[in-house]
Amino acid sequence: MQLSRYEEDALDGRYGDTVALAYRVLVAIGNAIEADRLIDVSWAHVSGVNYNTIGDAGLRFLEDISREGIKVKVKTTLNPMGYDRGRIEPTISDTFIERQERILDAYSRLGVTDIHSCTPYDRDVFPDIPPGGSQVSLAESNAAIYANSVLGLLTNKESAISALASAITGKAPYSNLRVQESRYAKVCIDVRYDIKDELDYGLLGYYAGKLGEECIAFNGIEHDRLTSAYMKALCSALGTSGSTGMFRLQSIDAKERYLFDRSDAMKVKDELSDSDDGDIIVFGSPQLGLDELSGIIDTLNGRRFRKRCMIFCARSVYSKASRLGYVDALERANATVYSGCCACLTPLISRDSVDSVITNSVKAAYYLRSWNKVGVCMRSMRSIIDNESV
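Predicted, not measured: the structure shown is a model, and the values here were computed from it.

S.K.: Before we go on, may I ask you to explain the overall build of the chain in this structure?
M.R.: Counting its secondary structure elements, the chain contains 14 helices and 14 strands. Taking 390 residues into account, the globule formula puts the C-alpha radius of gyration at 21 Å, and the chain, at 21 Å, falls close to it. C-alpha atoms of the chain, sized along the principal axes, occupy 65 × 55 × 35 Å. Long-range pairs, those at least 24 residues apart, make up 80% of the contacts in the chain between residues at least 6 apart in sequence. Of the accessible surface of the chain, which amounts to about 15,700 Å², a share of 45% is contributed by carbon and sulfur atoms. One way to put it: in the chain the 46 positive side-chain charges average out to a point 1 Å from where the 53 negative ones average out.

Next comes the structure, spelled out in structure tokens:
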């Protein structure tokens, strides 16, 4: 890699140990992916937040680098934390709370904006999104795919460490999906299945992600039917099952073509859904936006959930939903709305108290089974509401 004089000095430690460490991370990654240089980025989104995922080692690392007094060089946003500060559940221990708060304090010292959301592309969550064509560094997988595919931003599917290094330096290696020539699909999936809801898009995304391609084209999806909820479902499932960082909605002349039909969708569903029913209902992986919260209320049409329903959204969305009366309406319908956290990878849903869950999210199904060790029943949101409310 060719480095500027400033970058070489930073790598040598002239601007402090933390900056030098960040540059070492980026140079190592750049060499591994054959980048010829570092480029400027205008936004970073960091994912190493939840204490359940980074543990004591991650906590110590963040506290160490935050004590040096440096601040991030670009606007930097933060993924969900491990619990809702406004709703302390019995499954959240005092130790978890104390260590989670220390993580947040470390990020605050670094100057990171605490949106606590996995959907930073939602302008109700983060209105200061750079214009299309901007180089950014996003660690949350569904956010990186959404940014590349929908917003026209340029990012690789970053790790928590690489995105943090980009936040500290304002730089990223120039390779892979950051290069325009790499953003063309070489593989096309011909969709021969009547995709009608967010669960179907999730099943397609999970199937496509397993192909291991950086950019995938879909042929047979109607652009005008792709709502934001459907795109979120597709992006989050793509990011869950593989390394795909971008999709295109077009037919291409590709040597490699795959067919996605009903049998493929059912195979994915059978792989992820191992229960016929569940003790609780879970919506919000990725976190729900205002339109999705409103959609649940409209679909309920005055009915109430027969089982406990857990709904997850960003704090800013929760605040706006409260002012609009959505939160009160959902709570009257036997739902609890959590903000700043997520259903996956947290102590909020535990095998100690829950045998299985009902969800419309492929991402939630994967992580609730593999991490939280609970059974999963997958249905579309409309099906869940119609069958689990009175």
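S.K.: Which parts of the structure should I look at to understand the nonpolar core?
M.R.: Generally speaking, soluble globular proteins have nonpolar side chains that are buried together. Ranked by size, the top nonpolar core spans 122 residues in total, and within it Y107, F218, F283, I296, I311 and I349 carry the most contacts. Apart from residues no more than four positions distant in its own chain, I349 is found in contact with I280, V282, M310, A343, V354, V357, L368, N372 and V374. Residues A185, C215, A217 and M246 belong to the second largest nonpolar core, which totals 8 residues.

S.K.: What exactly am I supposed to notice about the packing of helix α7 (residues 198-209) against helix α9 (residues 262-272) here?
M.R.: A pair of packed helices can be characterised by two numbers: the angle between their axes and the separation between those axes. The geometry of α7 relative to α9 is characterised by a closest axis approach of 9 Å and an angle of 90 degrees between their N-to-C directions. Judged by the angle between their axes, α7 and α9 are roughly perpendicular. In this structure, α7 uses L199, L203, Y206 and Y207 to contact α9, whose residues at the interface are D264, A265, V268, K269, E271 and L272.

S.K.: What's the story with the environment of R315 in this structure? I'm lost.
M.R.: If you trace the backbone, R315 turns up in helix α11 (residues 315-323). In the structure, R315 is positioned 69 residues away from M246 in sequence and 27 Å away in space, judged by C-alpha atoms. Discounting chain neighbours no more than four positions away, the residues touching R315 are M81, R85, D114, I115, H116, S339 and G340.

S.K.: I tried to follow the sheet that holds strand β13 (residues 356-359) on my own but got confused; where do I start?
M.R.: Each strand in a sheet pairs with its neighbour through backbone hydrogen bonds, running either in the same direction (parallel) or in the opposite one (antiparallel). The 5 strands are arranged β12-β11-β10-β13-β14 in an open sheet whose pairing can be described as parallel. Each end of this open sheet is capped by a strand with a single partner; those strands are β12 (335-339) and β14 (375-378). Here the strands of the sheet are splayed against their neighbours by 25 degrees on average, with no regard to which way each runs. Where strand β10 (residues 280-288) lies against β13, 3 bridges are found, and the strand directions are parallel. Bridge pairing in β13 places V282 opposite T359. This element, helix α13 (residues 362-370), spans β10, β13 and β14 of the sheet and lies at about 165 degrees to β14.

S.K.: Could you clarify how one ought to interpret the layout of surface pockets in this entry?
M.R.: Sizing a probe to match a water molecule and rolling it over the atoms shows the empty space that remains. Considered as a void within the structure, the largest pocket measures approximately 460 Å³ in volume. Lining the largest pocket are 25 residues, with E198, A229, E292, N360 and M381 sitting closest to its centre. Considering every element that reaches the lining of the largest pocket, the biggest residue donor is helix α8 (residues 228-241), with 6 residues. For the lining of the largest pocket, a count of residues per class yields 9 nonpolar, 10 polar and 6 charged. Its volume calculated, the second largest pocket comes out at about 390 Å³. Around the second largest pocket, the lining comprises 20 residues; the ones closest to its centre are S47, N79, E140, L345 and K363.

S.K.: Whenever I open this one, the side chain of T346 confuses me. Can you help?
M.R.: Relative to the assigned elements, T346 resides in the loop between β12 and β13. There is a polar contact of 3.4 Å between the side chain of T346 and the backbone oxygen of C342. Contacts of T346, omitting those with residues within four sequence positions, involve N50, N52, M81, G82 and N372.

Rules used in this analysis
- Residues numbered from 1 in each chain as written.
- Predicted model: local features only at pLDDT ≥ 70, side-chain atom pairs only at ≥ 80, totals over all residues.
- Heavy atoms only, no water.
- Helix = DSSP H or I, 4+ residues; strand = E, 2+ residues; numbered from the N terminus.
- Rg over C-alpha atoms; globule rule 2.2 N^0.38 Å.
- Contact = heavy atoms within 4.5 Å.
- Areas by Shrake-Rupley, 256 points an atom, 1.4 Å probe, with all protein chains shown as cover.
- Lys, Arg positive; Asp, Glu negative; His and termini not counted.
- Charge placed at Lys NZ, Arg CZ, Asp CG, Glu CD.
- Core = buried A, V, L, I, M, F, W, Y, C linked by side-chain atoms within 4.5 Å.
- Buried < 20%, exposed > 50% of the residue type's maximum accessible area, 1.4 Å probe, protein only.
- Axes fitted to C-alpha atoms, helices over the stretch in contact; angles between N-to-C directions.
- Parallel < 35°, antiparallel > 145°, perpendicular 65-115°, else oblique.
- Pairing = 2+ DSSP bridges.
- 1 Å grid on protein atoms, 1.4 Å probe; cavity = no way out; pocket = protein on both sides within 12 Å on 5 of 7 lines; lining within 4 Å.
- Points joined across faces, edges and corners; volume = space filled by probe spheres on them.
- Nonpolar A, V, L, I, M, F, W, Y, C, P; charged D, E, K, R; others polar.
- Polar contact = N/O pair within 3.5 Å; in protein donor to acceptor, adjacent residues only side chain to side chain.

The values are spatial; any link to function lies outside them.
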